[in-house]
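Close look at the chain arrangement
One letter stands for each residue in the lines below.
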2 protein chains.
Amino acid sequence: MSLKVMSIGTVKELTGLTERQIRYYEDRQLVFPERSNGGARKFSFEDVELLKEIHRKLKDGFHTFELRKGLSKTYDRRGGSARH
Amino acid sequence: MSLKVMSIGTVKELTGLTERQIRYYEDRQLVFPERSNGGARKFSFEDVELLKEIHRKLKDGFHTFELRKGLSKTYDRRGGSARH
DNA sequence: CGTGTAAGGAATTCTGACACG
DNA sequence: CGTGTAAGGAATTCTGACACG
């Protein structure tokens, strides 16, 4: 589902990341949540997978600016074929 | 997805229902959202479909207590067969 | 019965900043 | 660079109640 429906608190639980990390990844242009009228971020399930992938890459030594090009095509996660 | 991830505000947008209606349907035991630590309701996409179905049935003249048994098997929604 | 609303409180989320390194 | 935190404000959601019918 690519529908942006969950708030950062839910994403925090699903990903294990902190709000700080999630917001930072958005700041770095790696995820693009929508906003509610009040300004609250809304994420999709795809975003959740993407965020987990981002964090994994960062732990592997990558930097946010390196992930910006090509990661959005790679959040395959379940199969082997990255197809990038 | 049966993962309970969205708050009532999002459900309100997706269903077109008011918070009052959504809470009432829960009170009537027709939907079973989870709760966040703070007590906020969390709904799944399935719940969203169910809520829409509930509201449709009510408009058709059914009462909440009548829907309690058998609706969860009927949220067909896309086909025409009402099957009541 | 199903739904609207005003009421007050509690939890959530937001931004910008200082910090470390 | 990536992340932690304290700070104050704004938006969200909660419950119980009164209302109509």
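Here's a quick rundown of the structure. (Residues numbered from 1 in each chain as written. Chains lettered and ligands numbered in written order. Predicted model: local features only at pLDDT ≥ 70, side-chain atom pairs only at ≥ 80, totals over all residues. Heavy atoms only, no water.)

**Considering the protein's contact with DNA strand C**
So the rule is basically this: Think of it this way: one heavy atom of a residue within 4 Å of a molecule or strand is enough to make that residue near it. Whenever a nitrogen or oxygen atom comes within 3.5 Å of another N or O atom, the pair is scored as a polar contact, on the condition that within protein one atom can donate a hydrogen and the other can accept it, and that pairs from neighbouring residues in sequence are kept only if both atoms are in side chains. Think of it this way: any DSSP run of H or I at least four residues long counts as a helix, any run of E at least two long counts as a strand, and we number them from the N terminus. We call Asp, Glu, Lys and Arg charged. Ala, Val, Leu, Ile, Met, Phe, Trp, Tyr, Cys and Pro are nonpolar, and the rest, Gly among them, are polar.
Neighbouring residues of DNA strand C: 20 residues in total, closest Arg 23 and Arg 41 of chain A together with Thr 18, Tyr 24 and Thr 64 of chain B. Sugar and phosphate atoms represent 72% of those atoms of DNA strand C found within 4 Å of the protein. One nitrogen or oxygen atom from the side chain of Arg 23 of chain A is found 2.7 Å from a phosphate oxygen belonging to DNA strand C. In terms of residue count, helix H2 (residues 19-27) of chain B provides more of the surface near DNA strand C than any other element does, four residues in total. Each residue belonging to the surface near DNA strand C can be placed in one class, and the counts come to five nonpolar, nine polar and six charged.

**Examining the protein's contact with DNA strand D**
For DNA strand D, the set of nearby residues contains 20 residues, the closest of which are Thr 18, Tyr 24 and Thr 64 of chain A together with Arg 23 and Arg 41 of chain B. By atom count, sugar and phosphate contribute 71% of the portion of DNA strand D lying within 4 Å of the protein. Gly 38 of chain A is positioned such that a nitrogen or oxygen atom in its backbone is 3.5 Å from a phosphate oxygen of DNA strand D. In the model, a phosphate oxygen of DNA strand D is placed 2.7 Å from a nitrogen or oxygen of the Arg 23 of chain B side chain. Residue assignment for the surface near DNA strand D shows that the elements contributing at least two residues are helix H2 (19-27) and helix H3 (45-59) of chain A together with helix H1 (8-15) and H2 of chain B. Counting residues per element, the surface near DNA strand D draws most heavily on H2 of chain A, at four residues. Classifying every residue of the surface near DNA strand D gives five nonpolar, nine polar and six charged.

**Side note on the packing of aromatic side chains**
Residues and elements named next belong to chain A. The line we're drawing: Centres within 6.5 Å are what make two rings of Phe, Tyr or Trp a pair, Trp counting through its six-membered ring; a difference in plane orientation under 30 degrees is then read as stacked, over 60 as edge-to-face, and the rest as tilted. The rule is simple: take the accessible area with a 1.4 Å probe, protein chains only, and divide by the maximum for that residue type; under 20% is buried, over 50% is exposed, in between is partly exposed.
Overall, the coordinates contain three aromatic pairs over all chains when judged by the stated rule. Geometrically, the ring pair formed by Tyr 24 and Tyr 25 is tilted, given 6.4 Å between the ring centres and 55° between the ring planes. Residue Tyr 25 is classed as buried on the basis of its relative accessible area, which comes to 3%.

Any functional reading would require information that these geometric values do not contain.
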